[in-house]
Amino acid sequence: IINGDMRIDQRNGGASVTPSNTYTLDRWRGMVGGATGKYSVQQNAGGVTAPAGFTSYLGVTSLSAYSVTAPDYYQIKQQLEGYNVSDLAYGTASAATVSVSFWVRSSLTGNFGIVLVWGSSNANQRSYPILYTITSANTWEYKTIVIPGDTTVAAGGFETTNGTGLQLRFDLGGGADNAGPSGAWATSNYHTVTGSTSVVGTNGATFYITGVQLEKGSTATDFEYVDYGRQLQ
């Protein structure tokens, strides 16, 4: 993950943006599959204190109480270049388990979702939706999620050069057409997780993340701080 600590926002300089398949903070894309104008993204939205060790976070704010329809999806995602994930060897017998870790804070509680996706095209993609739980409103909570390697061969194979190797998607709400069951690999391009809380479903709801890390292995380690100059480059 590049800019997992959300320090860099070259496009907007800390200003709020309402995404429509738009890059927000560097490397983080706000995706909309449905009606636009349902959420905004801003570095350090709401002006809360970041978790210890961090100065910045990506802040989502819902702009209405929107009832998603079956084909809708809303998400924040990062696309990871094949060169940076080629050692995971998805689609082979050597496919590696990965650990996703992050800090999250929301005005809502309940089950929320992330989706890990790989594959050469929408028709051939493999995805792993999984739920995690936010237990306390407006409180930073640290989450770790272990995702097993995917040994199933997908048409087109695993991207290992300069295309998109993996996508990590943070679910903000979606309909049944794009929802997958938690905790299993599937040959589908899922965008949301069955049973996840819809952030865009509550007007003024907030959803903040920082310290996002994806690493090889079944144990999440402490966040790897990269000096600002190298990360900016």
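Along each chain, the written sequence defines residue order, and numbers are assigned to residues from 1. Selection of residues for local features in this predicted model requires a pLDDT of at least 70, selection of side-chain atom pairs for listing and counting requires 80 or more, and totals for whole chains, interfaces and linings are taken over all residues. Neither water nor hydrogens contribute to the side-chain values; these are computed over all heavy atoms in the structure.

1. Structural notes on the nonpolar core
A general tendency of soluble globular proteins is for nonpolar side chains to be buried together. Membership of the largest hydrophobic core comes to 47 residues, with the highest contact counts inside it found for Tyr90, Tyr132, Phe170 and Phe207. By definition, residues are in contact when any of their heavy atoms lie within 4.5 Å. With near-sequence residues (within four places) excluded, Phe207 lies in contact with Leu58, Gly59, Val60, Val104, Arg105, Ser106, Phe112, Tyr132, Ile134, Phe170, Leu172 and Val199. With seven residues, the next largest nonpolar core counts Phe54, Tyr57, Trp140 and Phe223 among its residues. Residues belong to a common nonpolar core when they are buried Ala, Val, Leu, Ile, Met, Phe, Trp, Tyr or Cys residues joined through side-chain atoms within 4.5 Å. Exposure classes here rest on a 1.4 Å probe applied to the protein chains alone. A residue is buried below 20% of its type maximum, exposed above 50%, and partly exposed in between.

2. Quick notes on the sheet that holds strand E4 (residues 58-62)
For two strands to be treated as a pair, DSSP must find no fewer than two bridges joining them. Numbering of helices and strands runs from the N terminus; a helix is a DSSP stretch of H or I covering at least four residues, while a strand is a stretch of E covering at least two. Taking strand neighbours across the sheet as the criterion, the five strands line up as E3-E4-E13-E6-E9 in an open arrangement whose pairing is antiparallel. Each edge of the sheet is formed by a strand with only one pairing partner; in this case those strands are strand E3 (39-43) and strand E9 (141-147). Mean inter-strand twist for the sheet, computed between neighbouring axes without regard to direction, equals 25°. In this structure, E4 lies alongside strand E13 (residues 206-216), joined through four bridges in antiparallel fashion. Opposite Gly59, over in E13, you have Tyr208 as the bridge partner. Comment: axis = line fitted to C-alpha atoms, over the contacting stretch for helices; angle = value between 0 and 180 degrees taken between N-to-C directions.

3. Some words on the packing of aromatic side chains
Working definition: rings of Phe, Tyr and Trp (its six-membered ring) pair if their centres are within 6.5 Å, and the pair is stacked with planes under 30 degrees apart, edge-to-face with planes over 60 apart, and tilted otherwise. Tallied over the entire structure, the rule returns 19 aromatic pairs. Through pairs of rings, three or more aromatic residues link up here, namely Trp28, Phe102, Phe112, Tyr132, Phe170 and Phe207.

4. So, the sheet that holds strand E5 (residues 73-81)
Two strands in a sheet stick together by hydrogen bonds in their backbones, pointing the same way (parallel) or opposite ways (antiparallel). Strand order across the open sheet formed by six strands is E1-E2-E5-E10-E7-E8, with antiparallel pairing between neighbours. The open sheet terminates on both sides in strands that have one partner only, identified here as strand E1 (22-23) and strand E8 (126-134). Summarising the sheet, strand E2 (residues 29-33) and E5 pair through five bridges and their orientation is antiparallel. Within E5, the residue paired with Met31 across the bridge is Gln75.

5. Brief notes about the environment of Ser198
Looking at the secondary structure, you find Ser198 in the loop between strand E12 (192-193) and E13. In contact with Ser198, other than residues within four places in its own chain, are Val68, Leu108, Leu172 and Gly173.

6. Quick notes on the side chain of Thr192
One can find Thr192 in strand E12. With residues near it in sequence (within four places) discarded, Thr192 still touches Val115, Pro129, Asp171, Gly173, Gly174, Gly175, Asn178, Ala179 and Gly180.

7. Let's talk about the pairing of E9
Here E9 shows a clear split, with Glu141, Lys143, Ile145 and Ile147 buried on one side and none of Tyr142, Thr144 and Val146 buried on the other. In the sheet, strand E6 (residues 98-106) pairs with E9 via seven bridges, with the strands oriented antiparallel. Paired with Val98 across the strands is Ile147, a residue of E9.

8. Description of unusual backbone geometry
In this model, Met6 sits at a positive phi of 60°, which is unusual for a non-glycine residue. By the element assignment, Met6 lies in the segment before E1. Despite not being glycine, Asn44 has its phi angle at roughly 60°, a positive value.

9. Points about the pattern of salt bridges
Salt bridge, as applied in this entry: a Lys or Arg side-chain nitrogen positioned within 4 Å of an Asp or Glu carboxyl oxygen. On inspection of all chains with the given rule, the structure shows five salt bridges. Here Arg7 ties to Asp5 by a salt bridge, and the two come within 2.9 Å at their closest N and O atoms. Between Glu141 and Lys143 there is a salt bridge, and its shortest N-O distance comes to 2.7 Å. There is no split in this pair, since Glu141 and Lys143 are both buried.

10. Some remarks on the environment of Val41
Secondary-structure assignment places Val41 in strand E3. Since its relative accessible area comes to 1%, Val41 is described here as buried. Placed 18 residues apart in sequence, Val41 and Tyr23 show a C-alpha to C-alpha distance of 9.8 Å. Setting aside its immediate chain neighbours within four residues, Val41 contacts Ala15, Ser16, Val17, Pro19, Thr24, Leu25, Leu58, Gly59, Val60 and Ile76.

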